[in-house]
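Results of the structural survey
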Amino acid sequence: MLKRTVSFLFFILLFTSCEYFSSNSTSSKSNLEVVNTVIDFTKVDTYPIFSDCENFAENDNQKECFQNTLTQKLSESLNKADIKVQEAVNDTAWIDILIDNTGRASLVNVNSTNAIDEQIPDFKEILKVSIQRLPSMKPAVKRGIFVKSQYRMAVEVKTI
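Scope of this entry: the structure provided in the associated data block.

About the thresholds
Residues numbered from 1 in each chain as written. Predicted model: local features only at pLDDT ≥ 70, side-chain atom pairs only at ≥ 80, totals over all residues. Heavy atoms only, no water. Helix = DSSP H or I, 4+ residues; strand = E, 2+ residues; numbered from the N terminus. Buried < 20%, exposed > 50% of the residue type's maximum accessible area, 1.4 Å probe, protein only. Contact = heavy atoms within 4.5 Å. Pairing = 2+ DSSP bridges.

Right, let's get into the overall build of the protein chain. On a plain count of helices and strands, the protein chain comes out with five helices and five strands. Listed N to C, the secondary structure of the protein chain is α-α-α-β-β-α-α-β-β-β in terms of helices and strands. Taken over 160 residues, the protein chain has a buried fraction of 28%. A sequence separation of at least 24 residues applies to 69% of the contacts in the protein chain between residues at least 6 apart.

Okay, the environment of valine 44 next. Structurally, valine 44 is set in the loop between α2 (25-30) and α3 (59-80). C-alpha separation for the pair valine 44 and valine 141, spaced 97 residues apart in sequence, amounts to 6.0 Å. Leaving out residues up to four positions away in the same chain, valine 44 has contacts with Ala140, Val141, Lys142, Val147 and Tyr151.

What follows concerns the pairing of strand β1 (residues 90-99). Relative to strand β5 (residues 149-158), β1 runs antiparallel, the two sharing 10 bridges. Bridging across to β5, isoleucine 97 finds its partner in tyrosine 151. Bridging between β1 and strand β2 (residues 105-111) involves six bridges; their strand directions are antiparallel. Across the sheet, isoleucine 95 pairs through a bridge with valine 110, a residue of β2. Linkage of β1 to β2, two consecutive antiparallel strands, is achieved through a turn of five residues, within which glycine 103 is found at a positive phi near 100°.

Below, the structure written as structure tokens:
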């Protein structure tokens, strides 16, 4: 009988002592660092950078330099194009430019008016070539990874 009682007490002790050996999940979870998993895909950490803009330290200055340089390079390229029209055009077209994760720019879409399409039938092709001639740049960065980014800009078409 004493043997049974000792065995019974031993099993009770064994089963109740198991909780002392198990890890407390709340204490182990408190050591974990909470990682932000919400990613805003509409914004980038760093805008694409032309080599002329690398000296700017702040992101806002780099963005402004990128926009100004892009506008300047496209204007120069479009002004060199030999465009002949029958009637004067004074209108605005909207273009979407994609800069891929290697830094190359390409034309995605052109929203132009009927006046531009009638007077300059190869306007989209001229834009496409002008954008392909843009110098290579460093692509946009999101969380330390080069990403492609798309930008929309207005192109004013004024002919004499």
